[in-house]
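# A look at the structure
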Amino acid sequence: MKRTLFAKNFILLILGQASSLFGNFILKLALSMYILEITGSAAIFAGILSAATVPTILLSPFGGILADRANRKTIMVVLDAATGTAVLCATLLLSQSNAVAVIGALLVILSVLGAFETPTVQACIPQMLTGDDIVRGNAAVNQVASIAYLVAPALGGILYAAVGLKPVLYASTACFLATAFLECMIRLDPPHSESHAGVLSTIKQDFSESIRFLRKEQPDILNMLLLTALSRFFVMGITIVGLPYLVRTVLGLDAACYGVTESLLAVAAIGGSIAAGLLTGKQKYCKLSLVLEALGGSILIAGIAFVLPIPVMAKYAINTAAFCGMQAAISIFSIFAVSRIQQKTPNHLLGKVMAYTAAITLCAQPAGQLLYGFLFDRFRYAVSLVLIPTGVVVGSIGLLEAASARKADKKPA
């Protein structure tokens, strides 16, 4: 069967991802608003969210093993149905007296399920598509995620304000169950790998095989994986922690200005995904160093704005443009990097390698947020001393990657 971007399987996957992401975004928004209302503490919800990421980090490698050993379609259907059921049960059990416990338990359960679903979905894309369509497919998934992030919180906020928490949770349940229904119609070949050894022996064998593949057979995949995590470390730290701090605290602007910037960032992410799709077939992977250099340049521009003797709104406009450039650049880099990893990984290792990608990225993001939280507090009256060195470091990583790519190209095959 000819595998194209608009094949039935991939369209069903995209529709399922749109429904799942929409349900997930409105769920997280409603839960955060509810916890804030009943506790008055953002730290409580932040603590719950941080604790809920631990199962994903620890269990993702096992999710990758399952994705390579079992039917990926069946895994997705079961996990999305289980997610919808978990949200429904939490909705029925929820009351103001047990809200923190129920919501905490729900988020941990969703984190466990996500550890198995993320590598499975990412492993499905190269099984459905081939060649440059893998890049276009990842770009399409990224666009769907960005659009959902742009639209779902606003609609979820309106729905929550109008009808309260439980109707939002019922809507989220419906989204996850709809995703499971759509995935039931996907047709994927079952895995060819079989093992007659015990569970522990199989896990040990799969870990050893995947690590050997990354370290010895395809070290450039490991390099790309680490570059992806490193770029996320800097961008997520600066964007999630730095952007609200710069707009609200340093520049002294109101929440409306911050909301405008956040919306523009979502648009920039969509634009970056579209650009990645258009560049497919024209952009060599070694040119990804240019994207890293552009990323570093955007951070530099944001820092220089705080040095220039210009009005506050001019600094705000320059930073908004610079952060949009960062968002577009990281979208392009992530799409091409993940696509390269998928293209160079054999099908029987895809789940495990994509699980490593998810786990390392998840570890890098909170580490970046902690570091930049400390740095922005320490240099609150001289934030350029945080942004400019970061821009130089990221740009230098791009230059080093370009040199490494040129050196690799000169080596005989």
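Residues numbered from 1 in each chain as written. Predicted model: local features only at pLDDT ≥ 70, side-chain atom pairs only at ≥ 80, totals over all residues. Heavy atoms only, no water.

Before going further, it helps to examine the overall build of the protein chain. Helix and strand content of the protein chain: 13 helices and zero strands. Beginning at the N terminus, the succession of helices and strands in the protein chain can be written as α-α-α-α-α-α-α-α-α-α-α-α-α. Sorting the 413 residues of the protein chain into buried and exposed places 50% on the buried side. For the protein chain, long-range pairs separated by at least 24 residues make up 87% of all intrachain contacts whose partners lie at least 6 apart in sequence. Total accessible area computed for the protein chain in this model is approximately 18600 Å², and 69% of it derives from carbon and sulfur atoms. (Helix = DSSP H or I, 4+ residues; strand = E, 2+ residues; numbered from the N terminus. Buried < 20%, exposed > 50% of the residue type's maximum accessible area, 1.4 Å probe, protein only. Contact = heavy atoms within 4.5 Å. Areas by Shrake-Rupley, 256 points an atom, 1.4 Å probe, with all protein chains shown as cover.)

One finds Leu295, Phe323, Phe333, Phe376 and Leu387 to be the most contacted residues of the largest nonpolar core, which totals 58 residues. Secondary-structure elements contributing two or more residues to this core are helix H5 (132-163), helix H7 (199-217), helix H8 (219-250), helix H9 (255-279), helix H10 (288-305), helix H11 (312-344), helix H12 (350-378) and helix H13 (384-410). The contact partners of Leu387, leaving out residues within four places of it in the chain, are Ile238, Leu246, Ile299, Ala302, Gly303, Phe306 and Phe376. Grouped together as the second largest cluster of nonpolar side chains are 24 residues, Ile26, Ala52, Leu94 and Ile103 included. (Core = buried A, V, L, I, M, F, W, Y, C linked by side-chain atoms within 4.5 Å.)

Quick look at the environment of Ile240 now. You can see Ile240 is positioned in helix H8. Judged by its relative accessible area of 43%, Ile240 is partly exposed.

Turning to the packing of aromatic side chains, a few remarks are in order. Across all of its chains, the model carries three aromatic pairs by this definition. Judged by centre distance (5.2 Å) and plane angle (85°), the rings of Phe233 and Phe234 are edge-to-face. Each of the two residues, Phe233 as well as Phe234, counts as buried. Between Tyr245 and Phe376 the ring centres are 5.9 Å apart and the planes differ by 40°, which places this aromatic pair in the tilted class. Here Phe376 lies in helix H12 and Tyr245 lies in helix H8, a separation of 131 residues in the sequence. No difference in accessibility class separates Tyr245 from Phe376, as the two residues are buried. Aromatic ring contacts, followed pair by pair, group Tyr245, Tyr372 and Phe376 into a single cluster. Lying over the aromatic face of Phe379, Arg378 brings its terminal NZ or CZ to 5.1 Å of the ring centre. (Phe/Tyr/Trp six-rings, centres within 6.5 Å; stacked < 30°, edge-to-face > 60°. Lys NZ or Arg CZ within 6 Å of the ring centre and 35° of its normal.)

Once that is clear, we can look at the side chain of Thr345. Residue position: Thr345 is located in the loop between H11 and H12. A polar side-chain atom of Thr345 sits 2.6 Å from the main-chain carbonyl oxygen of Ile341. (Polar contact = N/O pair within 3.5 Å; in protein donor to acceptor, adjacent residues only side chain to side chain.)

For the pair H8 and H12, interaxial distance at closest approach is 7 Å and the crossing angle is 35°. Here H8 runs over H12; the crossing is right-handed. Across the contact of H8 with H12, the residue classes tally to 19 nonpolar, nine polar and two charged. (Axes fitted to C-alpha atoms, helices over the stretch in contact; angles between N-to-C directions. Left-handed = near helix turned anticlockwise from the far one by under 90°. Nonpolar A, V, L, I, M, F, W, Y, C, P; charged D, E, K, R; others polar.)

Attention now goes to the pattern of salt bridges. Tallied over the full model, the rule gives three salt bridges. A salt bridge links Lys352 to Asp68; the nearest nitrogen and oxygen atoms lie 2.8 Å apart. Here Asp68 lies in helix H2 (residues 42-69) and Lys352 lies in helix H12, a separation of 284 residues in the sequence. The class for Lys352 is buried, based on a relative accessible area of 2%. Two residues, Asp133 and Arg136, come together in a salt bridge whose shortest N-O distance is 3.2 Å. You can see Asp133 and its partner Arg136 sitting in helix H5, three residues apart, about one turn around the helix. By relative accessible area, which is 18% here, Asp133 ends up buried. (Salt bridge = Lys/Arg side-chain N within 4 Å of Asp/Glu carboxyl O.)

In H8, a bend of some 45° at Gly242 exceeds every other bend along the element, and Pro244, a proline, comes one to four places later. Positive phi shows up at Gly252, right after H8, with a value of about 70°. (Bend = angle between axes of the 7 residues up to and from the residue.)

Moving on, we get to the side chain of Gln327. Relative to the elements of secondary structure, Gln327 occurs in helix H11. For Gln327, a relative accessible area of 15% corresponds to the buried category. In contact with Gln327, not counting residues within four places along its chain, are Thr239, Leu265, Ala268 and Ala269.

With that out of the way, let us pick up the packing of H5 against H11. Where H5 contacts H11, the two axes come as close as 9 Å, and the packing angle between them is 135°. As summarised for this structure, H5 and H11 are arranged oblique, according to the angle between their axes. Crossing of H5 over H11 shows right-handed handedness. Here H5 contributes Asp132, Ile134, Val135, Asn138, Ala139 and Asn142 to the contact with H11, which in turn contributes Ser331, Ile335, Phe336, Val338, Ser339, Gln342 and Gln343. Of the residues belonging to the contact of H5 with H11, the class tally is six nonpolar, six polar and one charged. (Parallel < 35°, antiparallel > 145°, perpendicular 65-115°, else oblique.)

Taking 1.5 Å per residue, 32 residues should reach 46 Å; H5 reaches 45 Å between its end C-alpha atoms and fits that length. The largest bend in H5 amounts to roughly 30° and is located at Ala152, with the proline Pro153 lying one to four residues further along. Looking one or two residues beyond H5, the residue adopting positive phi is Gly164, at roughly 95°. (Expected span 1.5 Å × (residues − 1).)

Once that is clear, we can look at a nonpolar patch on the surface. A cluster of nonpolar residues, Ile147, Leu150, Val151, Leu155, Ile158 and Val267, forms a patch on the protein surface that exposes about 490 Å² of accessible area. The element best represented in the nonpolar patch is H5, accounting for five residues. Along the chain, the position of Val151 falls in helix H5. (Patch = residues over 30% accessible without salt bridge, like charges linked within 9 Å, V, L, I, M, F, W, Y side chains within 5 Å.)

Relative to the helices and strands, Ile75 resides in helix H3 (residues 72-93). Take Ile75: its relative accessible area is 9%, and that puts it in the buried class. Once you skip the residues sitting within four places of it in the chain, Ile75 turns out to touch Leu66, Ala67, Ala70, Phe116 and Thr120.

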